[in-house]
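Fold and contact review
Residue-level listing of the chains:
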Amino acid sequence: MSTICAFTTPARGHLYPLTPILAELARRGHRVKVWTLASELEAIREQGIEAASIAPEIEALPVNDWEASKESEATANTFNRFLERAPFEIADVRGAIERERPDLLITDINAWGAPAAAEASGIPWAAFSPFFAWLPSPDAPMFGPGMRPLRGPLGRLRNAALWKLAEFDLDRKFLTRLNAVRAEADAAPLAGLTELWTRPPRLLYMTVPELDYPRRRWPSSFSFVGPCAWQPGAGAAPQPAASERPLVLVTASSEYQGDEALIETALAALAGEDVEVIATTAGHDPAGFDPPPNARVERFLPHDPILARAALTICHGGMGIVQKSLSAGVPLCVVGWGRDQLESGRRVEAAGAGLLIKRKQLSAARLRDACRRARAMRPGAERMAATIAAAPGPELAAAELEALMPRLYAG
């Protein structure tokens, strides 16, 4: 039996898709332990996975991009947080190595310290990403602002030029500090920030090729394993009450990002529509909203039973809810709030499975119109559902991880 140690950042949207992979490894007879949010330990242990809290200093440093007034400031806030967390992540990984003697380490793509410690340890390691890669390519628009794809020579020229400018700017601002952190972990320096995506010997990429932009070349370390969706308590959740009216799910980020206006605007936009609305507020107190008669507001509800009869999802564009909706064949109206969410929304739109509204364009009238149009895009969402259903999932992910331990696992 091998020992596998995994480390997440303080985000449920990163822990939840990793959980079924860790559970599959445990089912195969491995001893698996994850360091994650203190509030999630009990639910994770119920899956047959050992669990411990990440350093409290990490949890005390939530992503604060929502405090920024400009996109560039939001990115800077996020990356500064990653750098602030890094020394505590290194200590967590080193402590786990000393105590657990692991045969394999798994790190979160949004952790900048943990992979440095893993790489320096000489122990086999891998990373996982539950969102789209900010990986330069002339075949894909620059990551971040949700640019529309542009094909042909002109598109490749635009993409290459904007990626080069973005890389230069990010490296100028953050690479020296990142490499200083890596030096403290005794890890080799990176040539650029985007090398965070290509340095892991294996990257579990939690989506399907059909949802991302097509590229002529993907790194050989990338493994498309599909969404690997999971949510605590989903199996025991009751179905929502039957209704003749179409059901619309409205939901915000599971980690606070100041997106309460999304819920407020959605409730206002749908108040006069012949639909039933269920809104889950997650990072917001549901008492702060005034729902119309056709709406129910709760902090948390398992989404799977709701999506089983939903006509539409209105969301912020987090990869978890985007891929859950598509898995159920439910089209989306994505209000891209920030982070990776504009990119998720634009890819949904490119797949013909929904529409993207940028945060600054949000109004009740615009959202109402987009919802009516997006509901007609169910065929595109159902095509994506069939594609996701065929994804290899946790079984392939577990096999890929086992392959990194050839001396211990004979296949």
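As the structure is a prediction and not an experimental result, all values here were calculated from the model.

Conventions used here
Residues numbered from 1 in each chain as written. Predicted model: local features only at pLDDT ≥ 70, side-chain atom pairs only at ≥ 80, totals over all residues. Heavy atoms only, no water. Core = buried A, V, L, I, M, F, W, Y, C linked by side-chain atoms within 4.5 Å. Buried < 20%, exposed > 50% of the residue type's maximum accessible area, 1.4 Å probe, protein only. Helix = DSSP H or I, 4+ residues; strand = E, 2+ residues; numbered from the N terminus. Contact = heavy atoms within 4.5 Å. Pairing = 2+ DSSP bridges. Axes fitted to C-alpha atoms, helices over the stretch in contact; angles between N-to-C directions. Expected span 1.5 Å × (residues − 1). Bend = angle between axes of the 7 residues up to and from the residue. Parallel < 35°, antiparallel > 145°, perpendicular 65-115°, else oblique. Nonpolar A, V, L, I, M, F, W, Y, C, P; charged D, E, K, R; others polar. Patch = residues over 30% accessible without salt bridge, like charges linked within 9 Å, V, L, I, M, F, W, Y side chains within 5 Å. Areas by Shrake-Rupley, 256 points an atom, 1.4 Å probe, with all protein chains shown as cover. Salt bridge = Lys/Arg side-chain N within 4 Å of Asp/Glu carboxyl O. Right-handed = clockwise from strand over helix to strand, strands pointing away.

Side note on the nonpolar core
Ranked by internal contacts, the top residues of the largest apolar core, which has 74 residues, are Phe79, Leu105, Trp112, Trp134, Leu193, Trp197 and Leu326. The dominant element in this core, judged by the number of residues it contributes, is helix H4 (residues 71-100), at eight residues. Apart from residues lying up to four places away in sequence, tryptophan 112 is in contact with Phe79, Phe82, Leu83, Ala86, Glu89, Leu178, Leu193 and Leu196.

Details of the sheet that holds strand E9 (residues 276-280)
Consider a sheet: its strands pair through backbone hydrogen bonds, and that pairing is either parallel or antiparallel. Taken together, the six strands give an open sheet; going across it, the order is E10-E9-E8-E11-E12-E13, and neighbouring strands pair in parallel fashion. Where the open sheet ends on each side, the last strands, each with one partner, are strand E10 (295-298) and strand E13 (354-358). The average angle at which neighbouring strand axes cross in this sheet is 15 degrees, direction not considered. As paired elements, strand E8 (residues 247-251) and E9 share five bridges and run parallel to each other. Paired with threonine 251 across the two strands is threonine 280, which belongs to E9. Seen against the sheet, helix H7 (residues 260-270) touches E8, E9, E10, strand E11 (310-315) and strand E12 (332-336) and runs at an angle of roughly 160 degrees to E8. Lying on the sheet, helix H10 (residues 341-350) is in contact with E12 and E13; it crosses E13 at an angle near 145 degrees.

Re H4
Since one α-helical turn is 3.6 residues long, residues separated by three or four positions face the same way. Given a rise of 1.5 Å per residue, 30 residues ought to cover 44 Å, and the 41 Å separating the end C-alpha atoms of H4 matches this to within 8%. At alanine 86, H4 shows its maximal bend, which comes to roughly 40 degrees, and the proline proline 87 appears one to four places after that position. Of the residues trailing H4, arginine 101 is marked for its positive phi of about 50 degrees.

Quick word on the packing of helix H9 (residues 319-327) against helix H12 (residues 378-389)
Running from N to C, H9 and H12 point in directions that differ by 95 degrees, and their axes come no closer than 7 Å. Put simply, H9 runs roughly perpendicular to H12. The segment H9 lies against H12, with Gln323, Leu326 and Ser327 engaging Ala381, Met384, Ala385 and Ile388. Tallied by class, the residues present in the contact of H9 with H12 amount to five nonpolar, two polar and no charged.

Some remarks on a nonpolar patch on the surface
Together, Leu150, Leu154 and Leu157 make up an exposed nonpolar region whose accessible area comes to about 300 Å². As for its position among the elements, leucine 157 is in helix H6 (residues 152-184).

Here's the deal with the packing of H4 against H6
Orientation of H4 relative to H6, taken along the N-to-C sense of each, is 10 degrees, at an axis distance of 10 Å. Here H6 runs roughly parallel to H4, going by the angle between their axes. Of H6, the residues touching H4 (which contributes Thr75, Ala76, Phe79, Asn80, Leu83, Ala86, Ile90 and Arg94) are Leu170, Phe174, Arg177, Leu178, Val181 and Glu184. For the contact of H4 with H6, the per-class residue count stands at nine nonpolar, two polar and three charged.

Topic: the environment of leucine 150
Summarising the element assignment, leucine 150 is placed in the loop between strand E5 (125-129) and H6. Residues leucine 150 and aspartate 139 lie eleven residues apart in sequence; the distance between their C-alpha atoms is 8.6 Å. The contact partners of leucine 150, leaving out residues within four places of it in the chain, are Gly155, Arg156, Arg158 and Asn159.

Thoughts on the pairing of strand E1 (residues 3-7)
A regular strand places its side chains on the two faces of the sheet in alternate fashion. Counted residue by residue, E1 has five buried out of five residues, so it is predominantly covered. Burial along E1 is two-sided: Thr3, Cys5 and Phe7 facing one way and Ile4 and Ala6 facing the other are all buried. Sheet topology places E1 next to strand E2 (residues 31-36); five bridges connect them, and they run parallel. Bridge pairing in E2 links phenylalanine 7 to tryptophan 35. Handedness of the crossover is the feature at issue here: the chain leaves E1, passes through helix H1 (residues 12-27), returns alongside E2, and the resulting connection is right-handed.

Points about the sheet that holds strand E7 (residues 222-224)
Spatial strand order, E3-E2-E1-E4-E5-E6-E7: seven strands in an open sheet with parallel pairing. This sheet does not close on itself; its edge strands, each paired only once, are strand E3 (50-53) and E7. Taken over all neighbouring pairs, the strand axes of this sheet differ in orientation by 20 degrees on average, direction set aside. For strand E6 (residues 203-205) and E7, the ladder comprises three bridges, and the chain directions are parallel. Among the inter-strand pairings, leucine 203 is bridged to a residue of E7, identified as phenylalanine 222. Most of the contacts of H1 go to E2, to which it runs at about 165 degrees, and overall it touches E1, E2, strand E4 (104-108), E5 and E6. Strands E4 and E5 of the sheet are contacted by helix H5 (residues 114-121), whose axis makes an angle of about 160 degrees with E4.

Overview of the pattern of salt bridges
Scanning the entire structure with this criterion turns up 27 salt bridges. Taking the shortest distance from any N to any O, the salt bridge between arginine 156 and aspartate 139 comes out at 2.2 Å. Of this pair, arginine 156 sits in helix H6 while aspartate 139 sits in the loop between E5 and H6, and the two are 17 residues apart along the sequence. We classify aspartate 139 as buried; its relative accessible area is 13%. Here the residues in one salt-bridge network are Glu24, Arg27, Arg28 and Glu402, joined through shared partners.

Description of the pairing of E8
In terms of residue burial, E8 counts as a mostly covered element, since five of its five residues are buried. Because side chains alternate across E8, one face comprises the buried residues Leu247, Leu249 and Thr251, and the other comprises Val248 and Val250, equally buried. Handedness of the crossover joining E8 and E9 through H7: right-handed. Here four bridges tie E8 to E11, and the two strands are oriented parallel to one another. Residue pairing across strands places leucine 249 opposite threonine 313, the latter belonging to E11.

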